[in-house]
Structure formats: structure tokens, C-alpha cells
Amino acid sequence: MTMPRAGDVTTIGNGSAVVAFDVGGTDLKAGLIDEHGVLIELLREPSPSGPETAALVIDRVAELTEHFRGAHPELRIAGLGLVVPGVVDEVAGIGVESENLGWVEVPFRDLVAARTGLPVAFLHDVRAAGEAEHRIGAAAGHDDVVVLVIGTGIAGAVFINGELYAGGGFAGEIGHSIVDPDGPPCLCGGRGCLEAIGSAGAITRLYNARTGSNATGAKAVLAAAADGDQAAVDVWERALDALALGLAQLTAVIAPRAIVIGGGLASAGDALFTPLTERLDALLTFHRRPVLIPARLGEDAGLCGAALRARDAAAAAHAAPATSPATSPATSPATTSPANSSATTPSTTPSTTEPEVGP
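Just so you know, these numbers come straight off a predicted model, no measurement behind them.

Moving on: helix α7 (residues 230-254). Here α7 is 25 residues long and its end C-alpha atoms lie 36 Å apart, about the 36 Å a rise of 1.5 Å per residue gives. A side-chain oxygen of the first residue of α7 lies 3.0 Å from the backbone nitrogen of A231; this N-cap is D229.

Now the structure itself:
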């Protein structure tokens, strides 16, 4: 399912009305969620870009928050959730680095709180998706679980004893574990990373490089493999082997009871889950075998996670009246100010993106 819209039976649950933002390398999604947990307005537009991308993102978040306030005066917005790609330190509220969007050490949580006057939750896009799956999706009920997103890249959210482990923003970069030291180069600068072989982006790239084709995605490569295209079969089998090895390493270290798989590649269904389960089982010996489960929340998982964390931030601010409502108790005053930009009319194109992964 996607995030529940007005009229849907399923919601993310009752709570405060909040705004949620999912900033990707290509698109920015913004949503207003009411007290019943229903997404009553969703906006999508190109992500800000330019020499001061971080400042532009902060400007746009502030502008769209005001848009939601003006368009829905009947709702009292109590909190804001913002998720971004790259390396994110959720505890400090800092975007440590985003190679794609070009920022370093930006105190997003403080700056957005100062601009909007709201308690702000700030976290990594894939960990946000994992948070949503763990609380209301396919990972619910599992204390030791990894939520893995396989799309253009590969990254995961790691839960141990029911708690999300972030490692200062560096945990969960499963796509950059080495599965073939002599393998293809990775965009991170390494060689033979799982992401460079087993991601949807890599499957497409490797197939096109081998055949001179112009396949538009992993779905097309998988269809070619089903039709007997040997090059497609080879690329797909190599991807499955790499993914199985990556999951085996993960299993040996963390021993999750379940691994929830989402992202574009998960849409392959049994063509992915059946052979991947078989390969993983063949690699493991005494290890506890995790069950592989398709993700449930779909393309809006990151937005769901942002909304859930925004409610947490609002509740924490309400429970600590001595603290300014614009910041959480762990937040320090902002040290820099974003550049102002003029407001523009929000786009209302329906969302079709998935969480970004990797730096």
C-alpha cells in the first residue's frame, strides 16, 4: 500500500496533525497528515538544486509548511518531519554529507525549526522508510530486523532489540559492503560493492554495457532474462548471487529474524524472493535463518516515517513545556541562517518515487 489518502480505510493511526517532507535527489514530496493519520494533501516537485542546495531545501520546506497552514486552517499542525539522503546524524539533527545534493555539516533540524516554529524530526530517508515499516508495516512485530531498500542503490535500516541503530549516521550502508573485490567500480570510489552489482541501477547498467542495449530499468532486464536472453540471465544471476552474499554477511553479524525488502527491485516478486531465499539458505550453516518479506508501505514509506517521527517530536515538545516548541530538548541553537528565496506555487503531480539510497 501507499500512504493512506482521504477515503482510505487504513491510516497511520490517530495523533497530531503534522507535515512531512521527503527530499530525494530528483524529487521533493510534501504531505499534510491529519489527526486521523490520513494524508489529506500531497505535493511533489523537483528537488531544489543550485550552489546552496541546503538553503534552498530549507526555504522550500518553510514555504510549503505555510502553504499547508493556509490551505487547511482547520488543522493545528503540531510537528514537522524531514528526511533526506546521504549521511545523516539524527541525534545531532545534522545532514553530515550528501554527495548528490552537495551539502556538508548542515544543521537542518535547528534551521527548519527556527523557520517554521515547529518541533522538527530529521532523519535519513531509508531509515525513515524502515521506521515506518517497523511501526506499521511488514517489519512490525520483529525486534531484530533489517529493512532493505533496493533501488538505484542499496541501503538499509537496522533494528536491534526493537531499536533503530544509526551508528552516528553511518549504519545501514549495506550497499557498500564488498561482495567481489575484483568487481565493477562503485560510485562511492570502491570496487565490488553490493550496490555496484545487485542494485536495480547496476543491473540495468551492467546489462547495457555488455550488450550495447538501452534498457530503461531492471524490470526490462528481468523480462529479457525470462525470454532467454543469455546476457540478461547472466547479469540477473550475478545480482542474485551478490545479494545473497550480502544478506549472508548481514545475517552472520546481526542475526535478524526477518529482512524486509522494498524498493524498485522488490516489485519483481517471486522472481526475486524465491531464488534469493534459496541462495541465502545455501550460504548459511548454523546461522539463524531470517525470513525474507516484501515491504508493505511502497513508495510513500519515507513520508510515513517522517510523519511518525514528526508526531514523536510534537509529543516530546508537549511533554517538556520549559523547552522552546521550535526545538527538541537535544537541539542546540542554530548557528547559521539559510538564504531566503521567493515562494513558488506548489506542484500537485502524484508521487511515484521511492526512497533514495546511498550518499
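Resuming the write-up.
For the rest of this paragraph, the subject is the pairing of strand β9 (residues 145-150). Burial analysis of β9 places 6 of its 6 residues in the buried class, which makes it a mostly covered element. Both faces of β9 are covered, namely the face carrying V145, V147 and V149 and the face carrying V146, L148 and I150. Relative to strand β10 (residues 154-160), β9 runs antiparallel, the two sharing 6 bridges. When the bridges of β10 are listed, V147 appears paired with A157.

It is worth spelling out the side chain of K29 at this point. Considering the arrangement of structural elements, one finds K29 in strand β2 (residues 27-33). You can call K29 buried: its relative accessible area is 2%. Only 3.3 Å separates the side chain of K29 from the side chain of D300, close enough to count as a polar contact.

With that out of the way, let us pick up the environment of G151. By the element assignment, G151 lies in the loop between β9 and β10. Classification of G151 as buried rests on a relative accessible area of 3%. For the pair formed by G151 and A266, sequence separation is 115 residues and the distance between their alpha carbons is 8.5 Å.

Tracing the sequence through the fold places A313 in helix α9 (residues 301-319). In this structure A313 comes out as buried when scored by relative accessible area, which is 12%. Once the C-alpha coordinates of A313 and F122 are considered, the two residues, 191 residues apart in sequence, prove to be 9.6 Å apart.

Here we come to the packing of aromatic side chains. By the definition in use, this model includes 2 aromatic pairs. Ring geometry for W103 against F108: centres 4.8 Å apart, planes inclined by 65°, an arrangement best described as edge-to-face. Taken together through their ring pairs, the aromatic side chains of W103, F108 and F122 make up a single cluster.

This brings us to the pattern of salt bridges. Per the stated rule, a full pass over the model turns up 16 salt bridges. D300 is paired through a salt bridge with K29; the nearest N and O atoms lie 3.3 Å apart. Note that D300 is positioned in the loop between β13 (291-294) and α9 and K29 in strand β2, a separation of 271 residues in sequence. The class for D300 is buried, based on a relative accessible area of 0%. D180 serves as the salt-bridge partner of R238, at 3.5 Å between the closest nitrogen and oxygen. With a gap of 58 residues between them, R238 in helix α7 and D180 in the loop between β11 (163-165) and α4 (195-198) connect regions that are remote in the sequence. Overall, R238 belongs to the partly exposed group, its relative accessible area being 35%.

Attention now goes to the sheet that holds strand β5 (residues 87-89). Here we have 3 strands laid out as an open sheet, ordered β5-β6-β7, and antiparallel in their pairing. Among the strands making up the open sheet, the edge pair consists of β5 and β7 (103-106). On average, each strand axis in the sheet is inclined to that of its neighbour by 15°, with strand direction left out of account. The pairing of β5 with strand β6 (residues 94-98) spans 3 bridges and is antiparallel. The residue bridging D89 from the neighbouring strand is I94, located in β6.

Of all 9 residues in helix α2 (residues 108-116), 7 are buried; the element is thus mostly enclosed. By the burial criterion, the buried members of α2 are F108, R109, D110, L111, V112, A113 and T116. On its buried face, α2 sits against α1 (53-71), β4 (77-84), β6, β7 and β8 (120-124). Looking one or two places after α2, you find G117, whose phi comes out positive at around 70°.

Cut-offs applied
- Residues numbered from 1 in each chain as written.
- Predicted model: local features only at pLDDT ≥ 70, side-chain atom pairs only at ≥ 80, totals over all residues.
- Heavy atoms only, no water.
- Helix = DSSP H or I, 4+ residues; strand = E, 2+ residues; numbered from the N terminus.
- Expected span 1.5 Å × (residues − 1).
- Polar contact = N/O pair within 3.5 Å; in protein donor to acceptor, adjacent residues only side chain to side chain.
- Buried < 20%, exposed > 50% of the residue type's maximum accessible area, 1.4 Å probe, protein only.
- Pairing = 2+ DSSP bridges.
- Phe/Tyr/Trp six-rings, centres within 6.5 Å; stacked < 30°, edge-to-face > 60°.
- Salt bridge = Lys/Arg side-chain N within 4 Å of Asp/Glu carboxyl O.
- Axes fitted to C-alpha atoms, helices over the stretch in contact; angles between N-to-C directions.
- Contact = heavy atoms within 4.5 Å.

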